[in-house]
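Here's the letter readout for the chains.
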Amino acid sequence: MTDLVIGADGLARCAWGSSTPDYAVYHDTEWGRPLRGDDQLYERMTLEAFQSGLSWLTILRKRPAFRLAFDEFHLPTVASYDDSDVTRLLADAGIVRNRAKIEAAIANARAALELPEGLSVLLWSFAPERRPARPASFAELAPITPESTAMAKALKKRGFRFVGPTTAYALMQATGMVDDHIVGCHVTVPPVA
């Protein structure tokens, strides 16, 4: 499989983005586009943590259930969850039922609310300079970068869980802090403001 594929619609996209219709929509409309906002980035961070050890496709398909179960990832609401909410979430077959990840999601909401500058400002402070050209292949990309390592360290220092350097880099890719679309991909990513 090459890193760039021409889809049935005639559009060139990153190969993973052509593997299923769900991935094509996600690739074309969300992945790599700059995303800001505390609740929005908290959602992405939480979903990346739940993805650990699983396929992103599993999480993507469960995302509507996650949004419902976690009150649209509204930080103050999730931060107020108690043991009864953990029990409720563990019983919800629509999401990934992992106690450690559920408890981390709640702890992370609480930690996010403690940030004086807010979660969005903190996360974006680790965005690297935009590279002059897109990568020619995925082989040029590392799953961990100095920036993702620094982000993970800063988050852990502030009480966040399930945010290692690999998860941090996946978050950076998904939210447009880096543009890792392959050269030739039809997706145009707006410049980071």
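Up top you'll find the structure we're talking about.
Since this is a predicted model, take the numbers as computed values, not measurements. (Residues numbered from 1 in each chain as written. Predicted model: local features only at pLDDT ≥ 70, side-chain atom pairs only at ≥ 80, totals over all residues. Heavy atoms only, no water.)

Trainee: For this particular structure, what's the right way to read helix 3 (residues 56-69)?
Mentor: Note: α-helices contain 3.6 residues per turn, so residues at a spacing of three or four share the same orientation. Over its 14 residues, helix 3 extends 18 Å from the first C-alpha to the last, a length consistent with the 20 Å expected when each residue adds 1.5 Å. Most pronounced at Arg63, the bend in helix 3 amounts to some 55°, and the proline Pro64 follows within four residues. Within helix 3, burial applies to Trp56, Leu57, Ile59, Leu60, Arg63, Phe66 and Ala69. On the buried face of helix 3, the contacting elements are helix 1 (21-29), helix 2 (38-51) and helix 5 (83-90). At the N-terminal boundary of helix 3, the capping side chain belongs to Ser55, with an oxygen 3.0 Å from the backbone nitrogen of Leu57. Positive phi appears at Asp71, one or two residues downstream of helix 3, with a value of about 50°. (Helix = DSSP H or I, 4+ residues; strand = E, 2+ residues; numbered from the N terminus. Expected span 1.5 Å × (residues − 1). Bend = angle between axes of the 7 residues up to and from the residue. Buried < 20%, exposed > 50% of the residue type's maximum accessible area, 1.4 Å probe, protein only. Contact = heavy atoms within 4.5 Å. Polar contact = N/O pair within 3.5 Å; in protein donor to acceptor, adjacent residues only side chain to side chain.)

Trainee: For this particular structure, what's the right way to read the pattern of salt bridges?
Mentor: Side chains that differ in charge, positive against negative, can pair when their charged atoms come close. Inspection of the entire model under this criterion finds 11 salt bridges. The closest approach of N and O atoms between Asp22 and Arg61, which form a salt bridge, is 2.5 Å. Here Arg61 lies in helix 3 and Asp22 lies in helix 1, a separation of 39 residues in the sequence. In this structure Arg61 comes out as exposed when scored by relative accessible area, which is 51%. For Glu103, the salt bridge goes to Arg99, with nearest N and O atoms at 3.4 Å. Note that Glu103 and Arg99 are positioned in helix 6 (residues 99-113) at a spacing of 4 residues, about one turn of the helix. With a relative accessible area of 32%, Glu103 lands in the partly exposed category. When salt bridges that share partners are traced, they join Asp9, Arg13 and Asp28 into one network. (Salt bridge = Lys/Arg side-chain N within 4 Å of Asp/Glu carboxyl O.)

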